[in-house]
Structures are given as C-alpha cells and as structure tokens.
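Examining the three-dimensional arrangement
In case you want the letters, here they are:
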Amino acid sequence: MSNEAPLLEVRNLTKHFPVGHGKEVHAVNGVSFTLEKGETLGIVGESGCGKSSMGRTILKVHEPTSGQIIFEGNDITNLSNKKMFPYRKKMQMIFQDPYSSLNPSKTIGWLLMEPLRAAGILDKKCAMSKADRKAAAYDMLARVGMDEKYFHRLPSELSGGQRQRISIAQALITNPGFIIADEPVSALDVTIQAQIMELLQKLQEEMNLSYLFISHDINVVYHMCDRIMVMKDGRMIEIGETEDIFHDPKEAYTKSLLV
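Quick caveat, the model's predicted, so the values are computed rather than measured.

Reading the values: rules and limits
Residues numbered from 1 in each chain as written. Predicted model: local features only at pLDDT ≥ 70, side-chain atom pairs only at ≥ 80, totals over all residues. Heavy atoms only, no water. Helix = DSSP H or I, 4+ residues; strand = E, 2+ residues; numbered from the N terminus. Rg over C-alpha atoms; globule rule 2.2 N^0.38 Å. Contact = heavy atoms within 4.5 Å. Areas by Shrake-Rupley, 256 points an atom, 1.4 Å probe, with all protein chains shown as cover. Lys, Arg positive; Asp, Glu negative; His and termini not counted. Charge placed at Lys NZ, Arg CZ, Asp CG, Glu CD. Core = buried A, V, L, I, M, F, W, Y, C linked by side-chain atoms within 4.5 Å. Buried < 20%, exposed > 50% of the residue type's maximum accessible area, 1.4 Å probe, protein only. Pairing = 2+ DSSP bridges. Axes fitted to C-alpha atoms, helices over the stretch in contact; angles between N-to-C directions. Salt bridge = Lys/Arg side-chain N within 4 Å of Asp/Glu carboxyl O.

1. Considering the overall build of the protein
Broken down by element type, the protein carries nine helices and 10 strands. Here the C-alpha radius of gyration of the protein, 19 Å, is about what a compact globule of 259 residues would show, namely 18 Å. Dimensions of the protein, computed from the C-alpha atoms along their principal axes, are close to 55 × 45 × 40 Å. Taking all contacts inside the protein whose residues are at least 6 apart in sequence as the whole, residues at least 24 apart take part in 66%. Element-wise, carbon and sulfur atoms account for 49% of the exposed surface of the protein, whose accessible area totals about 12600 Å². Placing the 30 positive and 32 negative side-chain charges of the protein at their respective mean positions leaves the two points 10 Å apart.

Structural data, given as structure tokens:
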C-alpha cells in the first residue's frame, strides 16, 4: 500500500429500487469506504444483504440514488454513459456464473476480441487491427492458463473452471486495473475454487489490479483479501484488516458469520 489517494472512494452510497405501489427496496443504505491501489477489499454478508447491488452501482450499471463514487480522484457519480466510457475501460466485473455470463453462440476468440473492437469504435485512440486484437486474445488466454487451441471453441465445449478463466480473461482484456469480482468462485467445486483464487492473485500481481471481492463465503474472503467489509441489510456493519475481523470482530453479526 502507498500514501497515494485511494483508487476508489465511496461516500454514503445509497441505492433504492422501486417495487410498485410507491414502495422501494433499500438495497444499499449509506455505505462509505475506500479501496487502495493494489488492494483486495472483501465484501461479505448473507445473500440479499446488498453486496451485488453495491458493486453494480459503483460500476454505474445501476444509477445511485444518492451518495458519491470517486474513482482515481474524479467524481463519476452523475456522469452520462458517454462520459463514463474512459472509466468503464478501467472498471470491469467478473460474474458468479460462467455458464450465463458468456454468449453461448460466440467463440472464445470472438468473446475476447469484441471488447477491444468496441473500444476502438467508441474511442479511435483505442483502435486496434484485427491481427493485434487476435494477438491480444492469445496473450490473455495464456495469462489465464489456457492456450490457442481454445480460440475457436464455444463456451459449451469448456468445463466450468475453464469458462470462469475465460470470464476473467474477458474482464481483463482491456487492461482495466479495477475489478469487481462478484462471487467469482461460488459456482465452482472446491478444487477449482482454489485454482481460480490462485489465478486471480497471480493476475493481480502481474497486472497491478485492485479487487473488490464479493462473497458470502467468509473463508474464501479470508484467503483472498487484505481487508474485509461486512454488510447486512444494505448497511456496512464493520470494516477492518482481515486478521482483525477474523480474530477480534466487534459486532455480533460478524461473529455469527464466523461460527
């Protein structure tokens, strides 16, 4: 960790979803935290506590109801989609289910090259030739422990662990720097979980990545994260260094997660 300004600062973030008849679900309620460059911050809590809603709101998939999102010192809270583009390249998400997050009709090569092609359309400075996009896809396959033979395959021809490796490659192909990993190993068996966690840690070191790591499994978070934030009912219950949260939790709810 350095003395630089935080990569991400979330201030009093709130997200409410209308559910009809004038009612709202308060998915995120006044959450504040920072993420340092190179850090992995774990977000842990039971299903429905607001973890994923918070992640999607930070990425502006959902527009925040109130609060501030400051990324690299810039307030991105109210930016339009067009003005968000330079930041979207730097902020990506790895999803929980590799079976639904990859387009089943497209080859692995297409899935990896398309984000680069789209970036070139939206910003001519990012434009790459097809040969360069293909080379970048091959390089990313190698980074996630796969090789060129998978380039022309479909997702249905891969195992769950291989699909998640491709999901990771797809998120990293534009060299984003900041990744929200939303339950990235919960759909995998224990052996494959360990492999994917090791891969994420290796890529973090190689590519200077910062992770917001969302999980309901506090043991996974323990092995992955520098700090942990505990959420319940859309609120932050507790935040601290991983060892402190595990060995000296302050709140009863945190203690219940550790049982």
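2. Brief notes about the nonpolar core
Core analysis: the biggest nonpolar cluster contains 46 residues, and I168, L172, L200, L203 and F213 have the highest contact counts within it. The element contributing the most residues to this core is helix α6 (residues 190-207), with six residues. Leaving out residues up to four positions away in the same chain, L200 has contacts with I94, I168, P184, Y211, F213 and M224. Core analysis: the second largest hydrophobic core is formed by 28 residues, L8, V31, F33 and L35 among them.

3. Some remarks on the sheet that holds strand β4 (residues 66-71)
What the four strands build is an open sheet, ordered β2-β1-β4-β5; its pairing is antiparallel. Bordering the open sheet on either side are β2 (23-35) and β5 (74-75), each of which pairs with just one other strand. Two elements, strand β1 (residues 8-20) and β4, share five bridges in a ladder whose sense is antiparallel. Across the sheet, residue R11 finds its bridge partner in β4, namely Q68. Sheet contacts for helix α1 (residues 51-58): β1, β2 and β4; angle to β1, the most-contacted strand, approximately 115 degrees.

4. Topic: the sheet that holds strand β10 (residues 235-241)
The strand order β6-β7-β8-β3-β9-β10 describes an open sheet built from six strands, whose pairing is mixed. The open sheet is flanked by β6 (91-94) and β10, the only strands paired with a single partner. Recorded for the sheet is a direction-independent mean angle of 20 degrees between the axes of neighbouring strands. Alignment of strand β3 (residues 40-44) against strand β9 (residues 227-232), held across four bridges, turns out to be parallel. Considered in β9, the bridge of I43 is made with M229.

5. Focus: the pattern of salt bridges
Tallied over the entire structure, the rule returns 11 salt bridges. E39 serves as the salt-bridge partner of R227, at 2.4 Å between the closest nitrogen and oxygen. One end of the pair, R227, is in strand β9; the other, E39, is in the loop between β2 and β3, and 188 residues separate them in sequence. On the accessibility criterion, R227 (15% relative accessible area) is buried. Using a relative accessible area of 2% as the deciding quantity, one classes E39 as buried. Taking the shortest distance from any N to any O, the salt bridge between K232 and D233 comes out at 3.2 Å. Taking the relative accessible area as the measure of exposure, K232 reaches 31% and is therefore partly exposed. Taking the relative accessible area as the measure of exposure, D233 reaches 53% and is therefore exposed.

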